[in-house]
Amino acid sequence: MPGFELFGDAERKELNDVLENGVLMRYGFDGMRNGHWKARQLEQELENKFQVKHAQLVSSGTAAVSIALASAGIGAGDEVIMPVFTFVASFEAIMILGAIPILVDIDDTLTLDPKAVEEAITRKTKAIMPVHMCGSMANLDTLLNICKKHNLVLIEDSSQATGATYRGKPLGSIGDLGCLSLDYVKIITCGEGGAVLTNYETYYKHSDHFSDHGHDHIGNDRGAETHPFLGYNFRISELNAAVGLAQLRRLDEFVAIQKKNYTILRNALSKIPQITFRTVPEGGVESYSFLSFFLPDLETARKATTALKEAGVDGCFHYYDNNWHYIRKWEHLKTLKTLYPLSAEVKEGLKYLKTKSFSQSDHFIGRNISCLIKLSWTEKEVVNRSQKMVEIISKYLV
Ligand SMILES: *Cc1c(COP(=O)(O)O)cnc(C)c1O
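Per an unreviewed UniProt entry, the protein is named DegT/DnrJ/EryC1/StrS family aminotransferase, and its organism is Gilvirhabdus luticola.

1. So, the sheet that holds strand 7 (residues 169-170)
Strand order in the open sheet formed by three strands is 7-6-11, and the pairing between neighbours is antiparallel. Where the open sheet ends on each side, the last strands, each with one partner, are strand 7 and strand 11 (284-285). Here two bridges tie strand 6 (residues 165-166) to strand 7, and the two strands are oriented antiparallel to one another. When the bridges of strand 7 are listed, Y166 appears paired with K169.

2. Focus on the side chain of Q247
Topologically, Q247 is positioned in helix 8 (residues 238-248). Here Q247 falls in the buried class, since its relative accessible area comes to 0%. A distance of 2.9 Å separates the side chain of Q247 from the side chain of E11, its partner in a polar contact. Within the local environment of Q247, its side chain forms a polar contact with the backbone nitrogen of T189, the two atoms lying 2.9 Å apart. If we ignore the near neighbours within four places in the chain, the residues touching Q247 are G3, F4, F7, E11, I187, I188, T189 and F254.

3. A closer look at empty space enclosed by the protein
Here the structure, examined in full by the defined rule, presents one cavity of 30 Å³ or more. Of the pockets and cavities examined, the largest cavity occupies roughly 30 Å³. Considering the residues around the largest cavity, the lining is formed by L42, L46, L182, I188, T189, C190, G244, Q247 and L248. At the level of secondary structure, the elements contributing two or more residues to the lining of the largest cavity comprise helix 2 (38-50) and helix 8. Here the lining of the largest cavity takes three residues from helix 8, the largest share from any one element. For the lining of the largest cavity, the residue count by class is six nonpolar, three polar and no charged.

4. Concerning helix 7 (residues 201-210)
Think of an α-helix as turning once every 3.6 residues; residues three or four places apart then point the same way. Along helix 7, the residues that are buried comprise Y203, S207, D208, H209 and F210. Tucked into the core, helix 7 has its buried residues touching strand 1 (54-58), helix 3 (61-71), strand 5 (153-157), strand 8 (177-181) and strand 9 (194-198).

5. A short note on helix 6 (residues 140-150)
Regarding helix 6, the residues found buried are L140, L143, I146 and C147. Down the axis of helix 6, the sector holding all buried residues measures 120°, keeping them to one side. Helix 6 presents K148 and K149 as exposed residues on the side facing more than 90 degrees away from its buried surface. Check the buried side of helix 6 and you find it contacts helix 5 (114-120), strand 4 (125-128), strand 5 and strand 6. The positive-phi residue at the C-terminal boundary of helix 6 is N151, with phi of around 60°.

6. A short note on the packing of helix 10 (residues 298-310) against helix 14 (residues 379-395)
The description of two helices packed together rests on the angle between their axes and the distance between the axes. Running from amino to carboxyl end, helix 10 crosses helix 14 at an angle of 140°, the nearest separation of the two axes being 9 Å. What the angle tells us is that helix 10 and helix 14 run oblique. For the crossing formed where helix 10 meets helix 14, the hand is right-handed. Note on element contacts: helix 14 touches helix 10 through M389, I392 and I393, opposite A304, A307 and L308.

Definitions and cut-offs
Residues numbered from 1 in each chain as written. Predicted model: local features only at pLDDT ≥ 70, side-chain atom pairs only at ≥ 80, totals over all residues. Heavy atoms only, no water. Pairing = 2+ DSSP bridges. Helix = DSSP H or I, 4+ residues; strand = E, 2+ residues; numbered from the N terminus. Buried < 20%, exposed > 50% of the residue type's maximum accessible area, 1.4 Å probe, protein only. Polar contact = N/O pair within 3.5 Å; in protein donor to acceptor, adjacent residues only side chain to side chain. Contact = heavy atoms within 4.5 Å. 1 Å grid on protein atoms, 1.4 Å probe; cavity = no way out; pocket = protein on both sides within 12 Å on 5 of 7 lines; lining within 4 Å. Points joined across faces, edges and corners; volume = space filled by probe spheres on them. Nonpolar A, V, L, I, M, F, W, Y, C, P; charged D, E, K, R; others polar. Arc of directions from axis to C-beta. Axes fitted to C-alpha atoms, helices over the stretch in contact; angles between N-to-C directions. Parallel < 35°, antiparallel > 145°, perpendicular 65-115°, else oblique. Left-handed = near helix turned anticlockwise from the far one by under 90°.

Written out as structure tokens, the structure is:
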């Protein structure tokens, strides 16, 4: 899956442009940079690729989510609905603004269950944030309708689904704002980086200023820029952007390789009648970065995952027992372990985490195994791996 598997000459060439003139900063230094504006260029290419009016590159995917929320005016005491299956970044990005993450169940798409979303809406709700986990998506039409009905902002966390589409549109381009991660283990990488995508000029301006100390970016005299509002530093460097440029140009190639490997694996596993696959919403096309399937029960999934690992079949995740991606193991969130005091309102707003049951999500995550699809596998390796997986998993099924 990750772009680093095919890191090479194209990335080196883009990087060398930056190293040769030494301008590592994305803004200013016009006379020294020999015409190289890697961050700007990558933003333009992201806009084309994702069919959006604006892309703002930033320092990480986590930053992109915080910036998207801030750009939509979401902050202290506001509630943001998000899924229990994601990466810890999702609630971190909400809480850093003083907002309250409201975690709700997922369904067999492994993403937000629209019914659970509707039930969680209160007068404090400001946004719904689906997270398109493991290369596939939430039911976006239903979520868009809910947003319209309740006047909420839809923010897509598309960090794990670069290259996937929904009704012909790239994920990340469908909500009011979309967030990408370009970290080292994502489908394409900058090393570290992220992007905010939007069709709204105001959100874009907010993202552009907020990610660079609130500077308005008007004129050529950096010190003369004014500050329409307070910001922070979430800038990306030219070095990171250069790598991302080469990677973005190879996205279609990466997805095609993933699709080929995914299909071989899926066809093999399909022969096991007790296996079902995650539901992809109608109109959705995956990025094929993971193959996610369900076994009949929790214990079978646990045993099969252990057996796969022991047999040297790497990259198969049972997220139920994983510390990073599922609420069951997020003790630090449930007990509110922070370095700094939280507001009384946030503490009160997060009390539900201690008591709420997520048995519906347990039912899906408990039975799920998600297998990373690598770009570097040869066809022979995929075929061997498929046979091995079928053999091992079948042992645990009656
Ligand atoms: C990776 C990831 C992020 C955060 O991205 P970083 O670039 O590592 O900060 C956010 N959400 C999800 C679902 C992710 O997988």
